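Coordinates in review
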Amino acid sequence: MKRFGPILMALLAAVLLAIFATTPPEATPSDAPLRSFSATRAMADVRTMAKHPHVTGSAENAVVRDHILRRMEALGMEVSTSTGLIDAKGTKRRNHWSGRNDPPATLVNLIGILPGKNRNAPSVVLMSHHDTVWGSPGAADDASGVAASLEVVRAIRARGQQERDLVMLVTDGEELGLQGARQFWANHPLRKGAGAVINMEARGGGGRTTLFQTSHQNGEAMQVYADAVRRPGASSLAAFIYALLPNDSDLTPVIKHDYAAYNFAFIGRSGLYHSPMATPDNLDQGALQDMGGQVLDLTQALLKTDRLPQRAPDTVFFDVFGLFTAIYPAWLGWGMIIIAAGGMGLVLRQDGTAGLAAGVGRMLALIVASAAILFALNRLSLGLEPANYYDRLAAIPRLEVMAVLGSLAAFLTAFASWRPSRVGVVGSALPLFIMCLAAQALAPTAAYVLVLPMLLVTITLWVRPSAVRIGIAALVGGYMLALGHQLMQGVGPTLPFVAALPLALAVLSTLPLWPGIEVRKARAIALVTLLGAASVSLWVLLDAPAASRAVYSDSKQ
């Protein structure tokens, strides 16, 4: 058992790092300093707004609007509204929810301005939406965004008058097709004076808040974020993935223009998305604290700067376990790749090529086997009938357990008895190194997730102290566990095999510590874990419809 000590230490440290990285902060109490953000204070607004569902055009929505307007006025803001009609597509959706044939509803955007010293300077805009879907009180989506905006404005006001105007825009009709945001950013006079826009959203009811989308050419905009935000949650990989998905938010009509733009959201407790159970009591206050803390730091930095961020080449950025934001130019990835290639090449020059092919074959077997196992397990959990979208969101925690067990079975099948030499580790790295080259060429701002582990694993080939190897395995493994969790929350219900890549990178980082295990034991463990994963899949398949389903949902896929 002693020979497993180093790898067990690395795995324990990796799990602890992943938990820390994916756990939101505690809610700050209501007696916190007035200059700081307090989720406890913000929850008072959430509880008022999220008492009932409040669809655009409803009486309940009018009550929510009145509350927000009164709160804006109490904060000393210049308050106004803008109105418009929901278009035909939005009206059809609303009538589908209600089962009626109502005429187009009137949308009402709410606008508050906290005046700055220089009224001619470009303003900073905080954006959220006050409408909900049918049947959901919307404590997260998007009462949390509205409440965060109000608390940020209050904290900014407590710090004294700022250099530029702070605009709070609360749109209507977001759930009916971004209606209010599209109309505001196309027609409202205030759009011409905006210089930076921060949007707040949610798809779920908890978890860490992530900056998942920015304006194009975000170099300067992200440097402001990196310098200002004390507990960041950001990823240029998330921004790249989001750009490929057919998703929209109120920031969609904004990023078509030249504003510096930031989009924040939390997606934990995904089963609460558009759910009748999305109540204030079920909202994770830590997620609200996380969102408000990041947005307050960023807003303050944007308000006090002499010059708002302009377009500059896109950068690589990601938070390091929520402790700080790493940011660097995309071209630097090529330098890291060259260093990694040189280090692996020197290993082959010194040690020869014996074991190289075995490493390549085993890593390819791990990637293919894990992807195939996760795909098959997911199909088993789906069955033959179309799955309800909201049931799948509610099942994400169980799907994550399924993915962990299936991944363990794949690892034991591919690497059980093998004790790799330095050359074997290089062989295992080669398939991922080829992916690394392709990613750096095609998606340089997302390639860091391959480039940095490749560089760190190369370092382990040249250092003797086991503490360094344990540390690197913990860092890479912890980041990959957190990334796998985020990927499963984001796209796991439909694409669970995306977890195969972080699995492969985590395994690569631990190979220098892997002592091997007897084949018969490995096969027995793999069989047990695979059966466990299949049992979880069947549980998901045979389980009753989730109580958290959206009330208007039948078979949205």
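In short, a report on the structure. (Residues numbered from 1 in each chain as written. Predicted model: local features only at pLDDT ≥ 70, side-chain atom pairs only at ≥ 80, totals over all residues. Heavy atoms only, no water.)

**Some points on the overall build of the protein chain**
In plain terms, the rule: Strands are runs of DSSP state E lasting at least 2 residues, helices are runs of H or I lasting at least 4, and numbering of each runs from the N terminus. We compute the radius of gyration over the C-alpha atoms and compare it with the globule rule, which gives 2.2 Å times the number of residues raised to the power 0.38. The buried label goes to any residue with under 20% of its type's maximum accessible area, the exposed label to any with over 50%, and the partly exposed label to all in between, with areas taken from a 1.4 Å probe on protein chains only. When checking whether two residues touch, look at their non-hydrogen atoms; a contact exists if any pair is within 4.5 Å. The charged-residue count follows a simple rule in which Lys and Arg add positive charge and Asp and Glu add negative charge, with His and chain termini not counted at all. Lysine's charge is taken at NZ, arginine's at CZ, aspartate's at CG and glutamate's at CD.
If you tally the helices and strands in the protein chain, you get 18 helices and 9 strands. Radius of gyration (C-alpha) of the protein chain: 25 Å, near the 24 Å computed for a compact globule of 557 residues. With respect to the three principal axes, the spread of C-alpha positions in the protein chain is 75 × 55 × 45 Å. Burial status across the protein chain gives 58% buried among its 557 residues. Restricting the contact set of the protein chain to residue pairs at least 6 apart, pairs at least 24 apart contribute 85%. Charge separation in the protein chain, taken as the distance between the mean sites of 46 positive and 38 negative side-chain charges, equals 8 Å.

**Comments concerning the sheet that holds strand β1 (residues 78-85)**
Pairing between the strands of a sheet is mediated by backbone hydrogen bonds and can be parallel or antiparallel. For clarity, the threshold we go by: Note: two strands are recorded as paired if DSSP finds a minimum of 2 bridges between them. Where helices are involved, their axes are fitted lines through C-alpha atoms of the stretch in contact, as for all axes, and angles between N-to-C directions lie from 0 to 180°.
Spatially, β1-β2-β4-β3-β5-β7-β6 is the arrangement adopted by the 7 strands of the open sheet, whose pairing is mixed. The open sheet has two free edges, formed respectively by β1 and β6 (206-214), since each of these has just one partner strand. Ignoring which end each strand starts from, the neighbouring axes of this sheet average 20° apart. Bridge count between strand β5 (residues 194-202) and strand β7 (residues 260-268): 7 bridges; the pairing is parallel. When the bridges of β7 are listed, Asn199 appears paired with Asn263. Set on the sheet, helix α7 (residues 219-228) makes contact with β6 and β7; between it and β7 the angle comes to about 55°.

**Side note on the pattern of salt bridges**
The criterion, for reference: Here, a salt bridge means any side-chain nitrogen of Lys or Arg that lies within 4 Å of a carboxyl oxygen of Asp or Glu.
This structure, assessed with the given rule, holds 15 salt bridges. Its salt-bridge partner being Asp45, residue Arg71 comes within 2.9 Å of it at the nearest N-O pair. Within this pair, whereas Arg71 is found in helix α3 (residues 59-74), its partner Asp45 is found in helix α2 (residues 39-49), the two being separated by 26 residues in sequence. Owing to a relative accessible area of 22%, Arg71 belongs among the partly exposed residues under this scheme. On the accessibility criterion, Asp45 (4% relative accessible area) is buried. The residue Asp351 makes a salt bridge to Arg422 at a minimum N-O spacing of 3.0 Å. In this pair, Asp351 sits in helix α10 (residues 332-351) while Arg422 sits in helix α14 (residues 422-442), placing the two residues 71 residues apart along the sequence. Take Asp351: its relative accessible area is 38%, and that puts it in the partly exposed class. Relative accessible area serves as the criterion here: at 22%, Arg422 is assigned to the partly exposed category.

**Observations concerning the environment of Arg398**
Rules: Two N or O atoms form a polar contact when they lie within 3.5 Å of each other; inside protein one atom must be a possible hydrogen donor and the other a possible acceptor, and for residues adjacent in sequence the pair counts only when both atoms belong to side chains.
As for its position among the elements, Arg398 is in helix α13 (residues 396-415). By relative accessible area, which is 17% here, Arg398 ends up buried. Considering only alpha carbons, one finds Arg398 and Met127, 271 residues apart in sequence, at a separation of 34 Å. Beyond its immediate stretch of four places on either side in the chain, Arg398 contacts Val536, Trp539, Val540 and Asp543. A distance of 3.0 Å separates a polar atom in the side chain of Arg398 from a polar atom in the side chain of Asp543.

**Overview of helix α4 (residues 88-98)**
Put simply, the test is: Throughout, the arc means that of the directions going from the helix axis to the C-beta atoms.
Taken residue by residue, α4 has Gly90, Thr91, Arg94, Asn95, Trp97 and Ser98 as its buried positions. Buried residues in α4, looked at end-on, bunch into an arc of 155°, giving them a common side. α4 presents Ala88, Lys89, Lys92 and His96 as exposed residues on the side facing more than 90 degrees away from its buried surface. For α4, the secondary structure elements touched by its buried residues are α6 (179-187). Here α4 starts with a cap whose side-chain oxygen sits 3.3 Å from the backbone nitrogen of Lys89, and that cap is Asp87.

Structural measurements only, silent on function.
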